[in-house]
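# Observations on the model geometry
Here are the chains, one letter per residue:
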Amino acid sequence: MEKLVSYTSVALVTRDRAARSARRLSPTAAFLLLASITVSFLAGSSAPTPLYPLYMAQWGLTPLTVTVIFGIYALAVLLALLVVGRLSDHLGRRPVLLTATLAQAATMALFGIATSLTGLLLARVVQGLTTGAAIGAVGAAMIDLDKTRGTVANAVAPPFGTAMGALVAGVLVQYLPFPTHLVYAVFGMVFILQAIGLAYMTESIAPRGSVLSSLKPQLSLPRATREPLLLALPVLVAVWALAGFYGSLGPMLVRSMLGSDTPLLGALSLFVLAAFGGLSVLVFQHREPKDMMMFGVASLFVGVAIAVVSLPYSAIAIFFLGTAIAGVGFGAGFQGAVRTVVPFAAPHERAGVLSIVFIICYIAMGVPAVVAGWMVAHQGNIIATAQIFGAVIMALACVALLGSVLRAVTKRAARIATR
């Protein structure tokens with residue numbers, strides 16, 4: 001009788017475990033869910049872009065105010081990366097992502113009920129904090145499941161997410177009612193569905209202690225990475241400053257060129273830049289990092305030059321052509337720069353090095369955008385501001401090219417001297 005009870009208990013436990021396992025997502029489904037979270041978080045961050053002209057008209061916001069709204073998001077992402085970027089290594093991927101996804105859904109509600117600048121700023125701060133908390137966790141979780149596909153997805157998903165957010169928001173605002181509410185309701189539902197999916201996802205790592213110690217910012221730059229980072233610095237600043245400009249003032253620039261208030265056209269500038277950035281990462285992922293970075297810098301220079309030349313003539317087709325080429329430069333240049341720096345760091349140093357890289361990127365995205373907004377507010381000429389902005393980015397591209405040439409010449413001379 002005791003044996004029968006024992007066998008029955010074992011059978012029930014086994015059946016319970018099998019039932020729980022059957023309710024869990026497969027590794028493939030979990031990977032797709034994680035990739036969708038990366039896309040949706042970045043899409044949500046670019047969703048307000050086509051709405052900025054509406055906010056300016058309704059609430060009397062200035063170009064400077066719009067860029068501050070954009071810049072404060074970058075600052076909040078930075079803060080989250082520094083404080084909770086490593087939290088999922090200690091607490092687990094799933095609880096961090098579940099919390100961040102539900103918080104993003106709440107953030108969409110904050111955007112929807114915002115009736116003033118204060119409401120927008122609050123929503124952008126919360127959005128930046130939750131995005132910064134999730135970026136590291138979702139990227140690490142994808143690599144946990146599949147190192148090769150995870151690396152590619154981490155590179156491709158963010159620009160495609162940014163592009164999709166701008167386009168979807170532009171379409172919703174242009175063609176459907178409730179322009180300042182519907183887009184946020186749609187994204188809010190997406191986040192809720194993703195949170196439900198996360199509830200059925202298996203944790204990819206074993207949680208470990210010292211959760212509080214993970215909240216202490218740790219930044220380190222090993223000696224071996226200093227020269228590569230110095231070489232990549234102009235590239236990082238140039239590509240992310242360009243992304244910041246398009247994300248904050250792009251719709252206003254297109255509206256000025258066309259004399260049209262069409263939200264979809266305003267969103268297309270950021271969409272084209274980000275979409276071609278994602279495509280370039282996908283196409284050139286197997287190229288050598290140095291070659292990828294230099295190709296990106298050259299494409300950035302050419303694309304920005306074409307876009308800047310088109311501005312005084314309001315040649316919108318040429319502007320979008322230049323934007324597409326610059327987008328190729330954005331994707332290739334950024335990935336080439338990251339892959340130029342990170343391999344020089346030891347495995348236990350990579351998190352700190354990547355943190356510094358992303359700090360540079362988000363500062364480059366936020367600060368120049370605010371400066372550009374200040375220039376537009378004081379000069380009242382967005383075309384002239386865009387030309388100055390483009391000239392600075394082209395100069396940074398030239399510095400990067402020059403630095404690469406000098407480094408190659410120095411290495412060659414050192415090899416000859418040692419023979």
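For the structure itself, consult the block above.
Residues numbered from 1 in each chain as written. Predicted model: local features only at pLDDT ≥ 70, side-chain atom pairs only at ≥ 80, totals over all residues. Heavy atoms only, no water.

### So, the overall build of the chain
The test is simple: Numbering goes from the N terminus for both helices and strands, where a helix is a DSSP run of H or I of at least four residues and a strand is a run of E of at least two. The cut-offs for exposure are 20% and 50% of the maximum accessible area for each residue type, with area from a 1.4 Å probe on protein chains only; residues under the lower value are buried, those over the upper are exposed, and the others partly exposed. Residue contacts are counted whenever heavy atoms from the two residues lie within 4.5 Å of one another. To be clear on the numbers: accessible area is Shrake-Rupley with a 1.4 Å probe, and residue cover counts the displayed protein chains and nothing else.
Summing up its helical and strand segments, the chain has 16 helices and 0 strands in all. Counting over 419 residues, the chain shows a buried share of 49%. A separation threshold of at least 6 residues defines the contact pool for the chain, and within that pool the share at least 24 residues apart is 84%. As displayed, the chain has an accessible area near 18,900 Å², and 71% of this comes from carbon and sulfur atoms.

### Side note on helix H14 (residues 316-341)
Cut-off, in case you're wondering: For a helix, the expected span equals 1.5 Å multiplied by the residue count minus one.
With 26 residues, H14 should cover 38 Å at 1.5 Å per step; its first-to-last C-alpha distance of 37 Å lies within 8% of that length. Across the 26 residues that make up H14, a large majority, 20, are buried.

### Digging into the nonpolar core
Quick note on the threshold: Side-chain atoms within 4.5 Å are what join buried Ala, Val, Leu, Ile, Met, Phe, Trp, Tyr and Cys residues into a set we call a nonpolar core.
With 109 residues, the main nonpolar core has Trp240, Leu253 and Phe319 as its most contacted residues. A total of 18 residues in this core trace back to one element, the largest contributor, which is helix H11 (residues 223-258). Sequence-distant contacts of Leu253, that is, excluding residues within four places in its chain, are made with Phe245, Leu311, Phe319, Ile382, Ile383 and Ala386.

### Some remarks on the side chain of Thr340
Here is the rule: Whenever a nitrogen or oxygen atom comes within 3.5 Å of another N or O atom, the pair is scored as a polar contact, on the condition that within protein one atom can donate a hydrogen and the other can accept it, and that pairs from neighbouring residues in sequence are kept only if both atoms are in side chains.
Checked against the element boundaries, Thr340 lands in helix H14. Within the structure, the side chain of Thr340 is placed 2.6 Å from the backbone oxygen of Gly336, a separation counted as a polar contact. In contact with Thr340, other than residues within four places in its own chain, are Pro228, Pro289, Lys290 and Met293.

### With respect to the packing of helix H4 (residues 63-84) against H11
To describe two helices that pack against each other, one gives the angle between their axes and the distance between the axes. The condition is simple: The convention used is that axes are lines fitted to C-alpha atoms, helices contributing only their stretch in contact, and that angles between N-to-C directions extend from 0 to 180 degrees. For this classification, under 35 degrees means roughly parallel, over 145 means roughly antiparallel, 65 to 115 means roughly perpendicular, and everything else is oblique. By definition, any crossing whose near helix is turned counterclockwise from its far helix by less than a right angle is left-handed, and any crossing with a clockwise turn is right-handed.
Running from N to C, H4 and H11 point in directions that differ by 140°, and their axes come no closer than 10 Å. As far as their axial angle goes, H11 and H4 are oblique. As H4 runs across H11, the sense of the crossing is right-handed. Of the residues in H11, those in contact with Pro63, Val66, Thr67 and Phe70 of H4 are Ala243, Gly244, Gly247, Ser248, Leu249 and Met252.

### Notes on the environment of Ala369
Residue placement: Ala369 occurs in helix H15 (residues 350-379). Judged by relative accessible area, which is 0%, Ala369 ranks as buried. Taking C-alpha positions, Ala369 is 10.0 Å from Pro63, a pair spaced 306 residues apart along the chain. Among all residues touching Ala369, those that are not within four sequence positions of it are Thr67, Phe70, Gly244 and Ser248.

### A few points about the packing of aromatic side chains
We count it as follows: Working definition: rings of Phe, Tyr and Trp (its six-membered ring) pair if their centres are within 6.5 Å, and the pair is stacked with planes under 30 degrees apart, edge-to-face with planes over 60 apart, and tilted otherwise.
Considering all chains together, one arrives at 11 aromatic pairs under this definition. On the basis of an interplanar angle of 15° and a centroid distance of 6.2 Å, the ring pair of Tyr246 and Phe319 is categorised as stacked. Residue Tyr246 is found in helix H11, and its partner Phe319 is found in helix H14; the two are separated by 73 residues along the sequence. Classification of Tyr246 by relative accessible area gives buried; the value is 6%. Ring centres of Phe284 and Phe295 lie 4.8 Å apart, and the angle between their planes is 55°; on these two criteria the pair is classed as tilted. You can see Phe284 sitting in the loop between helix H12 (263-283) and helix H13 (289-310) and its partner Phe295 sitting in helix H13, a full 11 residues away along the chain.

### Thoughts on helix H9 (residues 182-199)
For H9, which comprises 18 residues, the first-to-last C-alpha distance of 26 Å matches the rise-based estimate of 26 Å (1.5 Å per residue) to within 8%. When H9 is considered as a whole, its buried residues turn out to be Val183, Tyr184, Phe187, Gly188, Phe191, Gln194, Ala195, Gly197 and Leu198.

### Observations concerning the environment of Tyr362
Position of Tyr362 relative to the elements: it lies in helix H15. A relative accessible area of 6% means that Tyr362 is categorised as buried. Distance in space between the C-alpha atoms of Tyr362 and Ala76 is 9.7 Å, their sequence separation being 286 residues. Sequence-distant contacts of Tyr362, defined by excluding residues within four places in its chain, comprise Ala74, Val77, Leu78, Leu81 and Ile135.

### A closer look at a positive patch on the surface
To be explicit about the condition: Residues enter patches when they are more than 30% accessible in relative terms and free of salt bridges; like-charged ones are connected within 9 Å and nonpolar ones (Val, Leu, Ile, Met, Phe, Trp, Tyr) within 5 Å. In the sections that follow, a salt bridge refers to a side-chain nitrogen of Lys or Arg positioned within 4 Å of a carboxyl oxygen of Asp or Glu. Note on charges: Lys and Arg go in the positive column, Asp and Glu in the negative column, and His and the chain ends are not counted at all. A charge is said to be at NZ when it belongs to Lys, at CZ for Arg, at CG for Asp and at CD for Glu.
A cluster of basic residues, Lys290, Lys411, Arg412 and Arg415, forms a positive patch on the protein surface. Tracing the chain through its elements places Lys411 in helix H16 (residues 382-418).

### So, the environment of Thr49
For Thr49, the location among the structural elements is in the loop between helix H2 (27-46) and helix H3 (52-59). As for Thr49 and Ala169, which are separated by 120 residues in sequence, their C-alpha atoms are 8.1 Å apart. What Thr49 contacts, discounting residues up to four positions off in sequence, is Tyr246, Gly247, Pro251 and Leu270.

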